[in-house]
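Chain by chain, the residues:
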Amino acid sequence: MTQVKKICCIGAGYVGGPTCAVIALKCPHIQVTIVDLNQNRIDAWNSDELPIYEPGLDEVVKEARGRNLFFSTDVDKGIAEADLIFVSVNTPTKKSGIGAGFAADLKFLQLATRRIAEVATSPKIVVEKSTVPCRTADSMRTILEANHRPGVTFDILSNPEFLAEGTAISDLFAPDRVLIGSLQTNSGKAACAALAEVYGNWVPKDRILTVGLWSSELSKLAANAMLAQRISSINALSAVCEATGANIDEVAYAVGKDTRVGAKFLKASVGFGGSCFQKDILNLVYLAESLHLPEVARYWRAVVEMNEYQKERFSRKVVETLFNTITGKKIAILGWAFKKDTGDTRESPSISIANHFLDEKARITIYDPKVTEEQIWLDLTDEGTKSAEPIKPHISIQKSAEEACKDAEAIVVCTEWDEFKTLDWQKIYDNCPRPAFIFDGRLMLDRAALQKIGFKVTTIGTGDGL
Ligand code: NAD
Ligand code: UDX
């Protein structure tokens, strides 16, 4: 059996960085090189200020970097030296052309694959780590076989990543499962065994699942679709709670006690965000449509539509509660990341909510403990494609929650950062005009204590006091 001695990971992002840093930590006998075309990102990985915030990541990188973990922009060298190559590049939703708005844009994956074919001079195991549509491995094989040097052979595996941001390191240390898909040929099975052996250095054998290539690819889309579906289900019920006086946390608790349903992932919210859920469901919708399964496509599309409804419903509730206008009013948004314990803002509900408030001509102050001011401006200007000038007078970004809330007519909690629970809410109240409104989009604050101070509290998924 091939023994993996050198690994290269193409893509030093939220997945490639933490995943391969953990492999390096757990497998000191394997040399791991993470490569990326983005010089700034690689420089950051080689510095004390890592490019992503993830609890526990600093310690992992500090221990392994320079020992058997390396970060480089020399993609070709990384490819040439490795026995096994993870392809962990971004696969965003296509913005134009066929499938725009739904299909995954595979240009980065295909460029990386082509590079592997052009550079490799020895046999390689090529591993899809990126989330991809079902049967992508087929097109990777075609690209590799059409461009490879004489005598060089490739095995392709699918090894989707299930880590969640904010808990990436603990997820990687103790995964629920590691999934490896391969062709059921002798060489496919041998490649699968070689990768399983790498994970076997710290993951119990019964958690390493080996399946066919297409099942592995589809399982990743299925897992994300079903997780997001739970959130859309609970968020749909949160609207019913608000209309009836039921409490969504109590409903989720009661429902989740049924072991067939389970308690996790039933927290109502302002809507799900993050780079994966929406993208992967849309990808599944596109796949279903391409397979002439319109009912299946419609079913999954509804999960995303419900999420849009939840974000819009929450924004609308703020406007309605503030006597149907927020024009010129100061609104504080607490939390810009799509969830706590990450600085990632991709598809963050805060962005949609802020845009809604901007349409209503409110003045917005924003605070997030981990998101940079520069990133917030990029998010508000569609990555810099829209001018910031028209919105500049309406936006201020603050360095603390207290500063953001000062003089605010409404405080809107969008991300569940722990520090929001222990703010000096009395002091904040003293600095707000009356009536002072709080909108808890994460069901995280002590509603009774805030009401006692004098706040008018609106909590998502609860009927009382609306
Ligand atoms: P990312 O954008 O953070 O990182 C991707 C990196 O790949 C970028 O730094 C980019 O510069 C680099 N890259 C692109 N093309 C390249 C090339 N040809 N050569 C070298 N480098 C190249 O993306 P991410 O969040 O790490 O996601 C990567 C993949 O993993 C996606 O398919 C995503 O769906 C999937 N995924 C993400 C998560 C998550 O929590 N973010 C979880 C599971 C799976
Ligand atoms: C998700 C999957 O969980 C992970 O397995 C996959 O590899 C990548 O996509 P991620 O997007 O990083 O991970 O975070 P996750 O914890 O799933 O949260 C996604 C969004 O759903 C966040 O906005 C979060 O706040 C929201 N959410 C999550 C809820 O609103 N309620 C919940 O009960 C759980």
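- An unreviewed UniProt entry annotates the chain as UDP-glucose 6-dehydrogenase of Cutaneotrichosporon oleaginosum.
- Among the UniProt annotations of the chain, the heading Pathway (unreviewed entry) holds the following wording: "Nucleotide-sugar biosynthesis; UDP-alpha-D-glucuronate biosynthesis; UDP-alpha-D-glucuronate from UDP-alpha-D-glucose: step 1/1."
- Per UniProt, the chain has the following entry under Catalytic activity (unreviewed entry): "UDP-alpha-D-glucose + 2 NAD(+) + H2O = UDP-alpha-D-glucuronate + 2 NADH + 3 H(+)".

## Section: the domain arrangement of the chain
So, step 1. Domain boundaries in the chain define domain 1 (6-203) and domain 2 (277-459).
So, step 2. Put simply, the middle of domain 1 and the middle of domain 2, counted by C-alpha atoms, are 33 Å apart.
So, step 3. Counting from both sides, the interface comprises 20 residues of domain 1 and, opposite them, 17 residues of domain 2.
So, step 4. At the boundary of domain 1 with domain 2, total buried surface from both sides reaches about 1500 Å², with 57% on carbon and sulfur atoms.
So, step 5. In terms of surface lost to domain 2, no three residues of domain 1 exceed Tyr 53, Phe 102 and Glu 165, which account for 44% of the buried area on that side.
So, step 6. Counting across the interface, domain 1 meets domain 2 through one salt bridge.
So, step 7. Residues Glu 165 and Arg 346 are paired through a salt bridge, measuring 3.5 Å at the closest nitrogen-oxygen approach.
So, step 8. The interface formed by domain 1 and domain 2 contains four residue pairs in polar contact (both at pLDDT 80 or more).

## Topic: the packing of helix α6 (residues 136-147) against helix α9 (residues 213-244)
How two helices sit against one another is set out by the angle between their axes and by the gap between those axes.
So, step 1. At a minimum axis distance of 9 Å, the contact between α6 and α9 shows a crossing angle of 125°. The orientation of α6 relative to α9 falls into the category oblique. Counted together, Thr 136, Ala 137, Asp 138 and Arg 141 of α6 and Leu 213, Trp 214 and Glu 217 of α9 form the full contact between these two elements.
So, step 2. Counted by class, the contact of α6 with α9 contains three nonpolar, one polar and three charged residues.

The rules we used
Residues numbered from 1 in each chain as written. Chains lettered and ligands numbered in written order. Predicted model: local features only at pLDDT ≥ 70, side-chain atom pairs only at ≥ 80, totals over all residues. Heavy atoms only, no water. UniProt positions renumbered as here; feature names shortened; annotations may be inferred. Domains from an automatic or database assignment. Contact = heavy atoms within 4.5 Å. Buried area = accessible area lost by both parts, 1.4 Å probe. Salt bridge = Lys/Arg side-chain N within 4 Å of Asp/Glu carboxyl O. Polar contact = N/O pair within 3.5 Å; in protein donor to acceptor, adjacent residues only side chain to side chain. Axes fitted to C-alpha atoms, helices over the stretch in contact; angles between N-to-C directions. Helix = DSSP H or I, 4+ residues; strand = E, 2+ residues; numbered from the N terminus. Parallel < 35°, antiparallel > 145°, perpendicular 65-115°, else oblique. Nonpolar A, V, L, I, M, F, W, Y, C, P; charged D, E, K, R; others polar.

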